[in-house]
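Residue strings, one per chain:
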2 protein chains.
Amino acid sequence: MKKHSLILAVLWICSISFCYSQSSTTEIKEDFKPSSKNQPGKEYPQVNSQGYARFRVEAPKAQSVNVSLGLGGQGGTDLTKDADGVWTGTTAGPMDEGFHYYHLTIDGGVFNDPGAKNYYGSTRWESGIEIPAHDQEFYALKDVPHGNVQQILFPSPSTNTSRRAFVYTPPGYSQESEKRYPVLYLQHGWGEDETAWSNQGHANLIMDNLIAEGKVEPFLIVMTYGMTNEIKFGGLRDFKIEPFQTVLVDELIPYVDANFRTLSDRDHRAMGGLSMGGMETHRITLNKPEVFSRYALLSGGIYTPEELNDSLKPDLIFISAGSKENPDRVKNAVSALQDAGYQAVSFVSEGTAHEFQTWRRSLYELAPMLFQTK
Amino acid sequence: MKKHSLILAVLWICSISFCYSQSSTTEIKEDFKPSSKNQPGKEYPQVNSQGYARFRVEAPKAQSVNVSLGLGGQGGTDLTKDADGVWTGTTAGPMDEGFHYYHLTIDGGVFNDPGAKNYYGSTRWESGIEIPAHDQEFYALKDVPHGNVQQILFPSPSTNTSRRAFVYTPPGYSQESEKRYPVLYLQHGWGEDETAWSNQGHANLIMDNLIAEGKVEPFLIVMTYGMTNEIKFGGLRDFKIEPFQTVLVDELIPYVDANFRTLSDRDHRAMGGLSMGGMETHRITLNKPEVFSRYALLSGGIYTPEELNDSLKPDLIFISAGSKENPDRVKNAVSALQDAGYQAVSFVSEGTAHEFQTWRRSLYELAPMLFQTK
C-alpha cells in the first residue's frame, strides 16, 4: 500500500514538473510575438499561437511586479526578477481569444505596462493586449476601401457643455453626395467611453470588411459617452437613464440628422449596446419606441414580450452573449420573443466571456441583418 | 566686521528658509486644482495659479518615485513617502505655461502617472499635464460651432499598407455641399504622431474659435504620421525624406483631393510642421515647389533666399519659435527673406520653449494669414 502511494506520488510529481513539458498538449510553444496592441517598436508583451501571454517589465529596484491578467481566480501573473533587474513571466495557461484589459501592480501601486497601448476601461486608461483569434480576419485592417471615423463635438444644453461622439461613415459617403444612410447608435460598457467601439472593437474595420464583401448595405454608426456625470462612477444601482436619454434623443440625434446624410425616420434608426450599453439600450428603446425600430443587446440583458410596446413593435431584436456568459438565458429570451410574434435573433460567441471578442463577433453578425428586416 | 557678517548670514539664511514663505512673490499659493489633462475623476496631478505642479502617486512598497517634470537641469522632482505609503511632491518652481510631457521613474523603471491621460511623444505614450496659460481662451472648448476631426485610412502602395491621417473639416463643411476649401498639411514633431496636433495642440479648437470670431476663412487641416519606418526611431541624421515625401505627395494628397471638397491647386495648398515636421516641410517644399504655395516652419528651422525656387515663389513663408528657443535666428531669417522680396512673417511666442504652447500660438497666428496672401 505504501509502495503504491509512492508510485502515485511520483507519477503526480511527474505530471506537474519536468514531465509536464513532455506532453504535446501542454507544452508552451516558443513562438511568441509582440502583441498587436503594443506601442510602436515595443517587443513586450508577447503572445504565442496557443494564447499564452508573456510579460517583461524593467523596474530593477522593485520588490514585486504582478500582471492583473491571468487565469480566472488566480490573482493574475506574478513576474520574477532576473539578474539584470528585469521582471518576466508567462500566464499559467492560454487566454481567451481577443482583447483583454490589464494593468501592473508594482510595489503596491497600480500602473500600466509601458510596452502596451492604453484603452479606456474600468474608468481608467488600461493596458491592452490582443490574443490572436482564429477568426481575426473579419476585424483586420485590409486593403479595401475604408470609411472614416469622425470626431464630432455636439452642443448639449442639458449638460451645459459640448459633448464628444464618433461617427463611422462608410466608404463612398463623401462621393455619393445624394445618398442617405440608416444609423445605428451603439453604446460602450461600464467604465468605458466613446472610444471603445473603435479602439477595442474595431467597429469601423468590421464594417469596412463586410461592405467590401458585399455582405451589408452601408449604414452610419454613432458612438457617444453613455454617462452624464464624468467624475463619479458610482454603482450602477444609482444609475438614472433620463439624463443620458435626453442627451441621446433630444441632442445627439437631431445634431447627427442635421449634419450627416441620414435617413432620419424610425424605420432607419437602431440602438444597440454592450453590457451597461445594453442596459441603456433596453431602457431607452422601451421609453422611446417611436424613435428606434431595431434593438440590440450585446451581453446586456434581454427583452420580454410583456414589456414591449404593442403598437410600435420593433422590426428586429438582436440578443447576444459569450458562451462563457449566460447563453441559455439569451436563447430562451429570443425563443419567447419569437413565440410572441417578434422578429428576434440570438447569437452566442463560442469560447468567449464578457469581453470585446464577444462584442466584435456580435456586431459582425448583427450588421448584415440590422436594416434588412421589416 | 564679524558682527556685520553675522547679520548678513542671518539675513541670508532667513531669505532661503522660514522667511522664504513670508515673501509674497515666492510663496506657493495653495490654490491647486486637477490638471485639465487628467483622466476622468482623478484629483492628481494638480497645478496652481502660479504654474507649480503637484504630484501624488500610490506605491506603498516602492523605494523611490521621481517625476521627470521639474525645472531645467534639476533631474525632475523627487517625491517623498508619507505615513500612508503615498508619494507626494511639488515642482521646485513654476513651470512654463502650456502642455508638458512627463513620466514617473519608480524603483528604476519608467511608467506613466495613473492620474494623467497619455499623449504620444518621445516615441512612447507619455503622461501629459497642462499649466493654465494667460491666453488659454484661444484653444478652449467653447459653445461655438465645432468642426470635425475625421480619421481616414488611405491606401499607401509605397509602404504596402493603409496609413492613418486625421482631417479637420470646419463647421459648415457638411451643410455647404458645394463649397471647396484650401488645405494645410500639418506635421508633428519627432517622437510624436498624427494624433499630436489634435490631442496636444487642440488645432481643431483653435480653428473653431478663430472661425467663430470671423478671423479666418475656413480651411481643412490634414495631419498624418511623418515617418515611414514605424519600428526604428533612429537618429534624425539617418532620416531620409523621400519615403515620406512619396506618401504625402503621391498618396495622401490625391486621396484627400478625391475624398474631400478641396481646392486642389497649388495656390490653395500649404505645408507646415513643428520641429522635425518643420524639417520635413522645408525639404518637401523645396523638392516640390509646384505642389505647395505656402510654407510654415514652427520651431523647425529656416529658409534662406538662396535655396528657394525662383520661378515658383511661395506666396507666404511663416517662421516661428518660442522666446526661449532661438528667436533672433527666426527674425533674422525672415528679414533676409523680406529683403530678397519674399512675403515672409516671423512670430515669437513669449516665455515658451520647444513645447506645444509655442506651436498652438504659432497656428493661431498663422491661420488667419495663411491663404490671404498672393
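Values in this document were obtained by computation on a predicted structure and should not be read as measured data. (Residues numbered from 1 in each chain as written. Chains lettered and ligands numbered in written order. Predicted model: local features only at pLDDT ≥ 70, side-chain atom pairs only at ≥ 80, totals over all residues. Heavy atoms only, no water.)

### Structural notes on the environment of Val222(A)
Residues and elements named next belong to chain A. So the rule is basically this: Labels follow the DSSP assignment, with helices taken as runs of H or I lasting at least four residues and strands as runs of E lasting at least two, numbered in each case from the N terminus. Throughout, a residue-residue contact means that at least one pair of heavy atoms, one from each residue, lies within 4.5 Å.
In this structure, Val222 sits in strand S16 (residues 220-224). Sequence spacing of Val222 and Gln151 is 71 residues, and the spatial spacing of their C-alpha atoms is 10.0 Å. Filtering out sequence-adjacent residues up to four positions away, Val222 remains in contact with Phe166, Val167, Val183, Leu184, Tyr185, Leu186, Leu252 and Val256.

### With respect to the relation of the copies chain A and chain B
Heads up, the rule is: When the copies are overlaid, the least-squares fit takes in C-alpha atoms only where the residue has pLDDT of at least 70 in both copies.
Screw-axis analysis of chain A against chain B gives a translation of 0.0 Å along the axis, an RMSD of 0.0 Å, and a rotation angle of 180°. The symmetry that links the two subunits is that of a two-fold axis. Residues of chain A ranked by C-alpha distance from the rotation axis are headed by Gln150(A), positioned 2.0 Å from it. Comparing contact sets, 100% of the residues at the interface of chain A also lie at the interface in chain B, consistent with an isologous, same-surface contact.

### What to know about the pattern of salt bridges
All names here are of chain A. Put simply, the rule reads: Within this document, salt bridges are pairs made up of a side-chain nitrogen of Lys or Arg and a carboxyl oxygen of Asp or Glu, the two lying within 4 Å of each other. Exposure classes here rest on a 1.4 Å probe applied to the protein chains alone. A residue is buried below 20% of its type maximum, exposed above 50%, and partly exposed in between.
One pass over the full model with this rule turns up 26 salt bridges over all chains. When the shortest N-O distance is used, the salt bridge between Lys324 and Asp96 registers 2.6 Å. Of this pair, Lys324 sits in the loop between strand S19 (316-322) and helix H6 (327-339) while Asp96 sits in the loop between strand S7 (86-90) and strand S8 (98-102), and the two are 228 residues apart along the sequence. Asp96 gets classed as buried once you look at its relative accessible area, which sits at 19%. The partner of Glu126 in a salt bridge is Arg124, and the shortest N-O contact between them spans 2.6 Å. Each of the two residues, Glu126 as well as Arg124, counts as buried. Among the charged side chains, a salt-bridge network with shared partners connects Lys37, Glu130 and Arg360.

### Considering the interface of chain A and chain B
Defined as follows: Using a 1.4 Å probe, buried area is obtained as the accessible area two parts lose upon being combined, added over both of them. Any pair of nitrogen or oxygen atoms within 3.5 Å is treated as a polar contact; in protein, a donor-acceptor pairing is required on top of that, and neighbouring residues in sequence qualify only through side-chain atoms on both sides. Residues are grouped as follows: Ala, Val, Leu, Ile, Met, Phe, Trp, Tyr, Cys and Pro are nonpolar; Asp, Glu, Lys and Arg are charged; every other residue, Gly included, is polar. One bridge is not enough; two strands pair if DSSP finds at least two bridges between them.
Taken residue by residue, the interface counts 47 residues in chain A and 47 residues in chain B. Contact between chain A and chain B buries roughly 3,600 Å² in total, counting both sides, with carbon and sulfur atoms accounting for 51%. Counting the contacts that link chain A with chain B gives zero salt bridges. At the boundary of chain A with chain B, the tally comes to 15 residue pairs in polar contact (both at pLDDT 80 or more). The element that contributes the greatest number of residues to the side of chain A that touches chain B is strand S13 (residues 148-156) of chain A, accounting for six residues. Residues of the side of chain A that touches chain B, tallied by class, amount to 22 nonpolar, 18 polar and seven charged. Both S13(A) and strand S13 (residues 148-156) of chain B contribute to a ladder of three bridges, which runs antiparallel. Considered in S13(B), the bridge of Gln150(A) is made with Gln150(B).

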